[in-house]
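Below are the chains, spelled out letter by letter.
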Amino acid sequence: MTEDLKTRLAKPRFPRSSQYDPYWIVDNLMGPHVLWLAEYLAEKLPLRPGMRILDLGCGKGLSSIFFAKEFGVHVTAADLWIKPHDNQRRIDAAGVADRVTPILAEAHALPFAHSSFDAIVGLDAYQYFGTDDLYLGYIAKFLKPGGHIGIVCPGLKHEIAEPPAHLKQWWEWDFCCFHSPEWWRHHWAKTGLVTVEAAELMPDGHALWLDWYRATLHLLKGFHLDAATSGIAMLEADHEQLFGFTCAVARAKGGDWISGNALDIDEVL
Ligand SMILES: C[S@@+](CC[C@H](N)C(=O)[O-])C[C@H]1O[C@@H](n2cnc3c(N)ncnc32)[C@H](O)[C@@H]1O
């Protein structure tokens with residue numbers, strides 16, 4: 001069974017992720033296989049040793065550990081639901097305590113100085129707060145000029161006006177935060193703050209999502225078992241018509257974040 005899980009999760013497409021203990025990934029899952037999403041995103045970011053990265057909505061910190069180990073970057077692992085002491089145990093066990101710092105943070109009240117990070121990443125998390133029109137203007141302040149923001153989220157091939165008939169049975173209201181690559185491109189580009197470098201559906205994302213659920217189903221319980229069971233039924237019914245993972249990457253244009261109508265309260269007080 002151990003070998004079976006390892007074999008099923010080892011993908012030539014993701015040589016780095018395939019080196020990690022599959023049970024560590026399953027034990028700490030909060031959604032789809034986060035290292036696949038992280039490895040894919042990393043291909044689009046100029047990560048170099050010593051860079052400072054914010055992993056926003058890092059959950060149990062697997063992607064933060066991955067970025068630190070694989071690219072030698074310093075990661076601030078920020079999350080709301082998972083407490084820092086819980087993530088610290090995983091970070092210590094992974095031997096990257098010198099490069100990964102867990103913090104408790106709410107995405108709208110981040111405790112950083114402006115221009116703190118070379119890159120901000122969000123994996124299956126940014127859709128929970130980043131669809132607000134004004135959010136990019138807030139988060140981009142924490143990027144150094146020329147720094148990158150990169151996200152991979154559950155997403156759609158194209159925008160929809162209402163839940164599609166073939167998926168109604170499984171539709172949850174909060175899927176309304178799933179968007180197409182073109183939606184994310186316009187959402188960010190129209191601020192004028194960034195240059196969008198990529199907006200695409202992850203190649204084979206739908207199939208990878210199904211593979212992940214099918215390979216891990218027998219190990220899951222409770223909420224995760226229910227989510228995977230209905231996830232499989234929904235993705236099978238979808239036949240790759242709508243669901244996938246949306247990736248967007250943009251580069252910050254400059255450092256003058258205080259222009260426009262979105263007031264920065266720190267600057268005002
Ligand atoms: C589906 S989980 C994904 C976690 C992790 N990135 C992964 O893929 O395993 C979404 C994460 O987003 C975080 N999150 C949601 N809303 C947030 C907010 N307003 N501020 C900070 N984190 C938030 C949650 O704490 C949660 O850990």
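Scope of this entry: the structure provided in the associated data block. Keep in mind it's a predicted model, so treat the numbers as computed, not measured. (Residues numbered from 1 in each chain as written. Predicted model: local features only at pLDDT ≥ 70, side-chain atom pairs only at ≥ 80, totals over all residues. Heavy atoms only, no water.)

### As for unusual backbone geometry
Now for step 1: Even without glycine at this site, Ser115 takes up a positive phi of about 60 degrees.
Now for step 2: Within the secondary structure layout, Ser115 lies in the loop between β3 (100-104) and β4 (117-123). (Helix = DSSP H or I, 4+ residues; strand = E, 2+ residues; numbered from the N terminus.)

### Some points on a nonpolar patch on the surface
Now for step 1: Together, Met30, Leu80, Trp81, Leu104 and Tyr128 line one region of the surface with nonpolar side chains, adding up to about 560 Å² of accessible area.
Now for step 2: Summarising the element assignment, Tyr128 is placed in the loop between β4 and α6 (135-139).
Now for step 3: Look at Tyr128 and you get exposed, because its relative accessible area is 52%. (Patch = residues over 30% accessible without salt bridge, like charges linked within 9 Å, V, L, I, M, F, W, Y side chains within 5 Å. Areas by Shrake-Rupley, 256 points an atom, 1.4 Å probe, with all protein chains shown as cover. Salt bridge = Lys/Arg side-chain N within 4 Å of Asp/Glu carboxyl O. Buried < 20%, exposed > 50% of the residue type's maximum accessible area, 1.4 Å probe, protein only.)

### Observations concerning the site of the ligand
Now for step 1: As a structural note, the neighbourhood of the ligand is formed by 16 residues, with Gly57, Asp79, Glu106, Ala107 and Leu123 the closest of them.
Now for step 2: Contact distances for the ligand include 3.5 Å between an oxygen atom and a backbone N or O atom of Leu80.
Now for step 3: Between the ligand and the protein, one listed contact pairs a nitrogen atom with a backbone N or O atom of Ala107 at 2.8 Å.
Now for step 4: About the coverage of the ligand: the protein hides 95% of its 580 Å² of free accessible area.
Now for step 5: Residue composition of the shell around the ligand, grouped by class: 11 nonpolar, 2 polar and 3 charged. (Near = heavy atom within 4 Å. Polar contact = N/O pair within 3.5 Å; in protein donor to acceptor, adjacent residues only side chain to side chain. Nonpolar A, V, L, I, M, F, W, Y, C, P; charged D, E, K, R; others polar.)

### Overview of the pairing of β4
Now for step 1: Counted residue by residue, β4 has 7 buried out of 7 residues, so it is predominantly covered.
Now for step 2: Here β4 runs beside strand β5 (residues 143-156); their pairing, made up of 6 bridges, is parallel. Each residue of the ladder has a partner; that of Leu123, found in β5, is Val152. (Pairing = 2+ DSSP bridges.)

### Things to note about the packing of aromatic side chains
Now for step 1: Per the counting criterion, the structure on display carries 26 aromatic pairs.
Now for step 2: Measuring from centroid to centroid gives 6.0 Å for Trp171 and Phe243, while their planes differ by 25 degrees, and the two rings are stacked. Taken as a pair, Trp171 in the loop between β5 and α7 (181-189) and Phe243 in strand β7 (residues 243-252) lie far apart in primary sequence, 72 residues in all.
Now for step 3: Here the aromatic residues Phe112, Phe117, Tyr126, Phe129, Tyr135, Tyr138, Phe142, Trp183, Trp184 and Trp188 are joined through ring pairs into a cluster of three or more. (Phe/Tyr/Trp six-rings, centres within 6.5 Å; stacked < 30°, edge-to-face > 60°.)

### Here's the deal with the pattern of salt bridges
Now for step 1: Under the counting rule described, the total for this entry stands at 11 salt bridges.
Now for step 2: Between Arg16 and Glu70 there is a salt bridge whose closest N-O contact spans 2.9 Å. Of this pair, Arg16 sits in the loop between α1 (2-9) and α2 (22-27) while Glu70 sits in helix α4 (residues 62-71); the two residues are 54 residues apart in sequence, bridging distant segments of the chain.
Now for step 3: Classification of Glu70 by relative accessible area gives partly exposed; the value is 24%.
Now for step 4: Of the charged contacts, one joins Asp86 and Arg90 as a salt bridge, the two residues approaching to 3.1 Å between their closest N and O atoms. On the criterion of helical spacing, the pair formed by Asp86 and Arg90 is a turn pair, its members being 4 residues apart in helix α5 (residues 84-93).
Now for step 5: Its relative accessible area of 19% is what places Asp86 among the buried residues.
Now for step 6: Residues joined in a network through salt bridges with shared partners are Asp86, Arg89 and Arg90.

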